[in-house]
Amino acid sequence: MNVIENKSNKKKVQLFWSAIFSIYLFILLFVGRFEAMTFSINKILSPLFVLIITLVFFKQIYHLPMEMAYFAAFVAWCATGIVVYMIPQFFWQQYFRIIGVFFLTLIVVLIVSRFGEIKYPLLAIFLVAMAFRFHSFLTGSVLGLENSSEAIRERGLIGNANGFGFIMFTGIISIFYFWRTSKMFSKTMIIIGMIPLSTGILLSASRKSFMTLLLFFALWLWFCARKMLLRNKYYFILSVLLIIGAYQGTGYVLQNTYLGVRLSKMQEDEGYLGQTRMKLYREGFDMVKKYPITGVGLGNYGYHASKQTYAHSDVMEVWSTTGSIGLILYVSMYIMLWIRMNRLLRMNLDEEQRYTINFWKVLIVSFIILGIGRPNFSDYILMTFMGLIIGYVRYVEIEVRRRIAAKRFQYENRPQLSTAGVLSNA
């Protein structure tokens, strides 16, 4: 009876903190975008929430996975930019943002590694994307998909078309996680929920988000659904139909939308993308050569580049602004996480755990590809996903160790038939 009550209480505590965190996530990522709310949420609510979570889950800080140690070391190393930055305002603005991203990732890891609950945060990210999409619909800034002008790209509440497209992308992948465990009605609702977010990507004309979304679905089919499709002919037929629909939809996009125009320019005009990006990378390498240890300082890439912009690359932005040591610390976080996931997949996991870790691997590959054209390390939503992944992997590791310890205990304490008993019976 006590065991049942303890499980029930644990479930209530898990539900409470997961719900509280998901609400906070929605407030931070969407409501905080409104100028009138930015200060109170970023300067008051967020520090208070981080303090509460840290105090409640204080004991877990001593058992954080190595990825968070690398991330903390990376944030600390970024401070070395003080000695080289040329524009203090840009440096401090970016550095405080990185600190905020770190603490957000930290509380995600603390909560998820304790309870293993990822569904509520994923739903929160989906609702954030839907809220951005609904807001853009209400503002009526875009009239149709076939518009073919850079001026009418949907920028949404954040004022950036590529950023808006990325938020739509994160909403789609968040809700799509539930596809495997959903019944037919729920699958239908997932598709319906993905439609406005997909049109949001088209309206933003974000090439990175569109192409990464196609890559995500391809990787998901291979790593997460391959065995299921081979076992179930109905799922196989449905997947074939979805692939055909995706192919036809891509054809429509290329021929009838401004996103298609932008994708065509990538092929037709080599200078439109290739030469410009290569110039940014070369300038980044020049900064690394000049400042190999510290980089030029966070937010100062534009000062040293021919154009006042950023590197349009996650790796190059980190390398040029934090130096080689900063890059090593940052990349080590991904490498360590990938190693731990592969190690877990070789263990005896249940079906849901195996699916989720494969899903995380698909996400990480998608994020790395996305990072070819944008900096990821300072993005709140993307690093929230990293926190979910790191925390969940840690939770599964603990669960696996408990199962192994329980089996070992049962084996060591199994009933033994005494030799004397056997002889007397004989």
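Since the model is a prediction, treat every value here as computed from it, not as a measurement.

1. What to know about the overall build of the protein chain
Logical step 1: Along its length, the protein chain carries 17 helices and 0 strands.
Logical step 2: By the burial criterion, 46% of the 426 residues in the protein chain qualify as buried.
Logical step 3: With an accessible surface of roughly 22,200 Å², the protein chain has 65% of that area assigned to carbon and sulfur atoms.

2. Re the packing of helix 6 (residues 161–176) against helix 8 (residues 207–223)
Logical step 1: The interhelical angle for the contact between helix 6 and helix 8, taken along N-to-C directions, is 20 degrees, at an axis separation of 9 Å. Between helix 6 and helix 8, the crossing angle belongs to the class labelled roughly parallel. Of the two possible hands of crossing, helix 6 and helix 8 adopt the one that is right-handed. Contacts between helix 6 and helix 8 involve Asn162, Gly165, Phe166, Phe169, Ile172, Ile173 and Phe176 from the former and Lys208, Ser209, Thr212, Leu213, Phe216, Phe217 and Trp220 from the latter.

3. Thoughts on the environment of Val365
Logical step 1: One can find Val365 in helix 15 (residues 351–370).
Logical step 2: Sequence spacing of Val365 and Phe216 is 149 residues, and the spatial spacing of their C-alpha atoms is 8.4 Å.
Logical step 3: Excluding anything up to four places from it in sequence, Val365 contacts Leu219 and Trp338.

4. Considering helix 5 (residues 119–139)
Residues that lie three or four places apart on an α-helix share one face, since the helix turns once every 3.6 residues.
Logical step 1: The terminal C-alpha atoms of helix 5 lie 30 Å apart, and with 21 residues this matches the ideal 30 Å at 1.5 Å per residue to within 8%.
Logical step 2: When we look at burial in helix 5, the residues that qualify are Pro121, Leu122, Ala124, Ile125, Phe126, Val128, Ala129, Ala131, Phe132, Arg133 and Ser136.

5. Some words on unusual backbone geometry
Logical step 1: In this structure, Ala205 is a non-glycine residue whose phi angle is positive, near 60 degrees.
Logical step 2: Here Ala205 is to be found in the loop between helix 7 (184–204) and helix 8.
Logical step 3: In this structure, His312 is a non-glycine residue whose phi angle is positive, near 55 degrees.
Logical step 4: Given a relative accessible area of 16%, His312 falls into the buried group.

6. Some remarks on the confidence of the model for the protein chain
Logical step 1: The pLDDT averaged across the protein chain works out to 86; a share of 87% of its residues lies at or above 70.
Logical step 2: Mean pLDDT across the elements of the protein chain bottoms out in helix 17 (residues 419–425) (48) and peaks in helix 3 (residues 66–78) (97).
Logical step 3: Considering only residues more than four positions removed or in separate chains, one finds that residues 143–148, a stretch of pLDDT under 50, has 14 contacts.
Logical step 4: Confidence drops under a pLDDT of 50 for residues 422–426, and excluding neighbours within four residues, the segment shows 1 contact in the predicted structure.

About the thresholds
Residues numbered from 1 in each chain as written. Predicted model: local features only at pLDDT ≥ 70, side-chain atom pairs only at ≥ 80, totals over all residues. Heavy atoms only, no water. Helix = DSSP H or I, 4+ residues; strand = E, 2+ residues; numbered from the N terminus. Buried < 20%, exposed > 50% of the residue type's maximum accessible area, 1.4 Å probe, protein only. Areas by Shrake-Rupley, 256 points an atom, 1.4 Å probe, with all protein chains shown as cover. Axes fitted to C-alpha atoms, helices over the stretch in contact; angles between N-to-C directions. Parallel < 35°, antiparallel > 145°, perpendicular 65-115°, else oblique. Left-handed = near helix turned anticlockwise from the far one by under 90°. Contact = heavy atoms within 4.5 Å. Expected span 1.5 Å × (residues − 1). pLDDT = per-residue confidence, 0-100.

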